[in-house]
Each structure stands twice: as structure tokens, then as C-alpha cells.
Amino acid sequence: MPFAYCDLRSLLLICLGLLLLSSTNAYQDVSDQTLKALPQPENDFNIHDGALLSPILRTRVPGTPGSTAVLNHFADFFRTSLPDWKVQFQNSTSKTPVSGGKEVPFVNFIASRDPPWASPGDVGRLTLVAHYDSKYEPEGFIGAIDSAAPCAIIMHAMRGIDAALSKKWDEMQEKDRRYELLEDHKGIQVLFLDGEEAFLNWSDDDSLYGARSLAEQWDDEVNAAMSVYKTPLSSISLFVLLDLLGAKDPVIHSYFETTDWAYQKLAVLEGRLRDLNMFKSTARDPGAKWFTEGTMREHGLLGLGGIQDDHIPFLARGVEILHLIDASPLRGFPSVWHTIDDNAENLDIDTVEDWSLLITAFAAEWMELEGYMPASSTQSKKRWDKSEL
């Protein structure tokens, strides 16, 4: 059979793709100077008028006006603050135990940014995820930690690295370094998933509505022939799920052996940020850390598949998962979990702001942005404000 023709670029991408799939993702630590210069949250997380968080602090049950308002908030943020990002919506419907036989709409929000020269099927993406829906009951449930704050944390982090991405990719194009390494074909995406919460009782059918739909669709979609990644699902380099974040003194465990290295990177970053006195929150116990590092092995949690959450449909299809959820074998979830007290007033804003710095730093390291981040936290940067809309 004659050898099929393909251009040099395609051959290079295929060869490097095989190399990448058999090796660890490139990851570059950032300097202390870069950590000190991370963009500060300023008023982003004010529960009354914070540009990122306050619009999410409302009931947002799937298919309701509150859900639509929060979706519009996400879209407005990316349109005005991150215009180089591609925004998509993935829609599905499903009957629920409380819908009386009617189909309920579920809408997943997807925002991504890839190197401008790369085809979609050739880009592996760091994927930051949170669910944005709130529980059907109790009536009036806000879900500040579950998961309004995680959504706002991700938004802050993406804005914090966006200019550095532009600077890095512009320089690569100017120096014609676009095809030197496949690691340079790294993108980043955000998933705000709908319908994580059960309407009545948690089950395989009554939970994870949006995640189940998206994982199935992305597994079925096929990228163009000769792409490095066969499907949008296989292009997820790491699925980082943030949930139940915003209470004081979180406890974060590592649940999967294949992503424990990324967990350890976050543990190191937490320690460095603390050593630089950049965290505002103070631990109940001196010396306590969020990332307990090796202690989760002592509790036998490793390898149990973790906690039921939006990652499950993706995990079942072979996606690498890093689950950042506040959960302890001793105390369980935060005390306000799934109660009416999971509201704005019970958020620990210092902890929320510290999370925003940590996730920004992790994204900057994953995307290898050392040398491209702002030299000073006082450097002028575009701010997004609702008054611009």
C-alpha cells in the first residue's frame, strides 16, 4: 500500500504527539518574584458588589431565570475581559424526579484559549472545572461554597494569566518557534457545568446531568484526520475540579495516583505562598496546611476513586483527574454543606482570595509562563466592571 502524503508539520505533530502521550506533561516552576507579583483580587470577591463573585451568589437551579443570569454573567466576563477566548454552550435536556415528566434544560459553559497557530485537534488543554448550579432544596439555597466561590476563583485565575499567554504566544510567533515542541501546543479551558446537584436523592440518574452529557458528547466527537488528539475528551491534559471551596481551614486530599504529582505541585505552591506571607487567611492551628500531602495515604483514601462529583463521567472515560474538594475523613464536608447556611455571609473571603492566588500560580506554572507574567502587581491591567456592560 503506498504511503499516504502528509505535510512536514503533520508528521512532526504526530511524532511529537506520541512522545508527549508517553511522557509527563512539561511543567515549569515560577519564581518567587512572579509569585509576589500575582494579580491581587482587589474587590473581585466582595459578596455585595464584587465583580466576579456577587452575581453568582443567587439561586441558580437549572432551567430557572437565576441560572440564565449566571450564564450571562460568565459570558459577559469573557466577552469584556478575555475577548481572545472562545466561548461555547453545550445544551442537553433531561427529566428529573421533580419535573413532572417535563424535560429540564441543562447548559454547560465552555471557554477556551489555544495558541493562535494551532488546530483544535492538536492542542492538549489544562481544564479547570466547577459546577454553577445550586440545589433545588432547601428553597432559597445559594451554594456559596457549593460552588459559587470556585467559579469566581477560576475566573480570577484566567484573567490573571491571560496577558502572559498573549505575550508568550506573540513572542513565539515573532521568533517562529511555533513548532519546536508539542508542549508549545498547550491550551487552557474552563468548564462551568450545570446540573451537578441531585434534585431529590443522589443517584446515577439524578445527579451530574451536565457532566454526563458533555463527557458523552466529547467522547463521541472526532477531530479532523491526522490530529494529535482523536476527540475533545482525549485533549484534556488534566481535569482540575474545584468544589466546596470557600470555608476556613480547608482540607484537600489526593485521590488518584496518576495525578498525585500535580497535587504535590499545588502543595509546594501553597507552602511557598505562605512563606512569602501572601496568604491572608490564618489557620486555626499554627502550621496547618490545606494540602495535607502524605497524610491521605494514612487514611487509606488513595485509589478509592474519590468522592462522587462532576469528574466521574470523565474519569470513567480515562481522563486524568485532580479533585480539589474540601473533605476530611474526620469532619466530612464543611459544616454548611447542603444547608441554607451555605450563603455569602458564611464564606471566609480571605480563604477565597488565597485560593484565587494559588490557582493562578498553578495555571501559570502549567502553561509555563515564567518570564511572561507582569513584573509588578501594581502594573496597570484591564479591569472588568459590570458598569461596562
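Residues numbered from 1 in each chain as written. Predicted model: local features only at pLDDT ≥ 70, side-chain atom pairs only at ≥ 80, totals over all residues. Heavy atoms only, no water.

What to know about the nonpolar core
Ranked by internal contacts, the top residues of the largest apolar core, which has 102 residues, are Phe74, Met158, Ile161, Phe192, Phe291, Phe314 and Phe362. At 16 residues, the largest contribution of residues to this core is made by helix 4 (residues 144-174). With sequence-adjacent residues up to four places away left out, Ile161 is seen in contact with Ile188, Thr360, Ala363, Ala364, Met367, Leu369 and Met373. (Core = buried A, V, L, I, M, F, W, Y, C linked by side-chain atoms within 4.5 Å. Buried < 20%, exposed > 50% of the residue type's maximum accessible area, 1.4 Å probe, protein only. Helix = DSSP H or I, 4+ residues; strand = E, 2+ residues; numbered from the N terminus. Contact = heavy atoms within 4.5 Å.)

Focus: the packing of helix 6 (residues 260-275) against helix 9 (residues 349-366)
Two elements in contact, helix 6 and helix 9, have axes separated by 10 Å at closest approach and are oriented at 125 degrees. Taken together, the axes of helix 6 and helix 9 are oblique relative to one another. For the pair helix 6 and helix 9, the sense of crossing is right-handed. Between helix 6, through Trp261, Ala262, Leu266, Leu269, Glu270, Arg272 and Leu273, and helix 9, the contact on the second element is made entirely by Leu357, Leu358, Ala361, Phe362, Glu365 and Trp366. Residue classes in the contact of helix 6 with helix 9 are distributed as 10 nonpolar, no polar and three charged. (Axes fitted to C-alpha atoms, helices over the stretch in contact; angles between N-to-C directions. Parallel < 35°, antiparallel > 145°, perpendicular 65-115°, else oblique. Left-handed = near helix turned anticlockwise from the far one by under 90°. Nonpolar A, V, L, I, M, F, W, Y, C, P; charged D, E, K, R; others polar.)

Observations concerning the sheet that holds strand 2 (residues 103-113)
Sheets are built from strands paired through backbone hydrogen bonds, the pairs being either parallel or antiparallel. The strand order across the open sheet formed by six strands is 1-2-4-3-5-6, and the pairing between neighbours is mixed. Bordering the open sheet on either side are strand 1 (86-95) and strand 6 (321-325), each of which pairs with just one other strand. Neighbour-to-neighbour, the strand axes of this sheet turn through a mean angle of 20 degrees, independent of strand direction. Across five bridges, the pairing between strand 5 (residues 236-243) and strand 6 is parallel. By the bridge assignment, Leu242 is partnered in strand 6 with Leu324. Where helix 3 (residues 65-81) meets the sheet, it contacts strand 1, strand 2 and strand 4 (186-193), and its direction lies at approximately 15 degrees from that of strand 2. (Pairing = 2+ DSSP bridges.)

Notes on the pattern of salt bridges
Across all of its chains, the model carries 13 salt bridges by this definition. Here Lys265 and Asp29 are joined by a salt bridge, their closest N and O atoms 3.4 Å apart. One end of the pair, Lys265, is in helix 6; the other, Asp29, is in the loop between helix 1 (8-21) and helix 2 (32-36), with 236 residues separating them in the sequence. Classification of Asp29 by relative accessible area gives partly exposed; the value is 44%. The partner of Asp114 in a salt bridge is Arg125, with the nearest N and O atoms 2.8 Å apart. Residue Asp114 is found in the loop between strand 2 and strand 3 (124-131), and its partner Arg125 is found in strand 3; the two are separated by 11 residues along the sequence. In this structure, Asp114 and Arg125 share a single accessibility class: buried. (Salt bridge = Lys/Arg side-chain N within 4 Å of Asp/Glu carboxyl O.)

A short note on unusual backbone geometry
Glycine aside, negative phi is the norm for most residues, and most peptide bonds take the trans geometry. Cis geometry is found at the peptide bond from Glu137 to Pro138, where omega equals 5 degrees. Relative to the helices and strands, Pro138 resides in the loop between strand 3 and helix 4. Of note, the bond from Asp146 into Ser147 is cis; its omega dihedral lies within 30 degrees of zero at 5 degrees. Here Ser147 shows up in helix 4. Residue Glu42 is not a glycine yet carries a positive backbone phi of 50 degrees. For Glu42, a relative accessible area of 52% corresponds to the exposed category. For Asp249, which is not glycine, the phi torsion reads 55 degrees and is therefore positive. Mapping Asp249 onto the fold places it in the loop between strand 5 and helix 6.

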